[in-house]
Amino acid sequence: MGPDDEIDHGAPLTPYRQLAEILRAQIRRGDWQPGRAIPSETQLVQRYGLARSTVRRALAVLIEDGEVFTVPQRGTFVSSQGEASAD
C-alpha cells in the first residue's frame, strides 16, 4: 500500500493492516521524522473513517515492528532507525 492510499473495506487485507501499511509508507517517505509525533488516534479515526479499536490495532502492529513507540499522555512517535532495527 502507498502512503496516499485510502482504506478499501472490500479488500482482502483487513482495515487495520491497511492502515498500518499506509502509516508505514508515510514514515518511510519521511512525512514524520524520527522522534516526531504521528497524528493522534482521534485524528486517524476521523481521517480514515475507522473505529478507534481498528486504529489502535494498526498502531500496535507498528509498535511491535519497531516503527513507532508511545509515550503515555504524549502520543505516538516515530522510532529512530537505531531503535527500529534493534529488534
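Rules used throughout
Residues numbered from 1 in each chain as written. Predicted model: local features only at pLDDT ≥ 70, side-chain atom pairs only at ≥ 80, totals over all residues. Heavy atoms only, no water. Helix = DSSP H or I, 4+ residues; strand = E, 2+ residues; numbered from the N terminus. Rg over C-alpha atoms; globule rule 2.2 N^0.38 Å. Buried < 20%, exposed > 50% of the residue type's maximum accessible area, 1.4 Å probe, protein only. Contact = heavy atoms within 4.5 Å. Areas by Shrake-Rupley, 256 points an atom, 1.4 Å probe, with all protein chains shown as cover. Lys, Arg positive; Asp, Glu negative; His and termini not counted. Charge placed at Lys NZ, Arg CZ, Asp CG, Glu CD. Pairing = 2+ DSSP bridges. Expected span 1.5 Å × (residues − 1). Arc of directions from axis to C-beta.

**Side note on the overall build of the protein**
And then number 1: Looking only at helices and strands, the protein features 4 helices and 2 strands.
And then number 2: Ordering the α and β elements of the protein from the N terminus gives α-α-α-β-β-α.
And then number 3: Taking 2.2 N^0.38 as the reference for a compact globule, 87 residues should give roughly 12 Å; the C-alpha atoms of the protein span a radius of gyration of 12 Å, in line with that estimate.
And then number 4: C-alpha atoms of the protein, sized along the principal axes, occupy 35 × 25 × 20 Å.
And then number 5: Looking at the 87 residues of the protein, the share that counts as buried comes to 33%.
And then number 6: Within the protein, contacts between residues at least 6 apart in sequence are counted, and of these 45% link residues at least 24 apart.
And then number 7: As presented, the protein carries roughly 5300 Å² of accessible surface, and 47% of it is formed by carbon and sulfur atoms.
And then number 8: When the 10 basic and 12 acidic side-chain charges of the protein are each reduced to a single mean position, those positions are 6 Å apart.

**As for the pairing of strand 1 (residues 68-71)**
In the case of a regular strand, side chains alternate between the two sheet surfaces.
And then number 1: Bridge count for strand 1 against strand 2 (residues 75-78) is 4 bridges, and the pairing is antiparallel. Paired with threonine 70 across the two strands is threonine 76, which belongs to strand 2.
And then number 2: Counting the residues between successive antiparallel strands, the hairpin from strand 1 to strand 2 contains 3 residues, one of them, glutamine 73, with a positive phi of roughly 70°.

**A closer look at helix 3 (residues 52-64)**
Since the α-helix turns once every 3.6 residues, residues separated by three or four places project in the same direction.
And then number 1: Across its 13 residues, helix 3 extends 18 Å between first and last C-alpha, which sits within 8% of the 18 Å expected from 1.5 Å per residue.
And then number 2: Among the residues of helix 3, Thr54, Val55, Ala58, Leu59, Val61 and Leu62 are the ones counted as buried. Along the long axis of helix 3, the arc covered by the buried residues comes to 150°, so they all point the same way.
And then number 3: The inward-facing, buried residues of helix 3 contact helix 1 (15-29), helix 2 (41-48), strand 1 and strand 2.
And then number 4: Phi turns positive one or two residues past the end of helix 3, at glycine 66, with a value near 80°.

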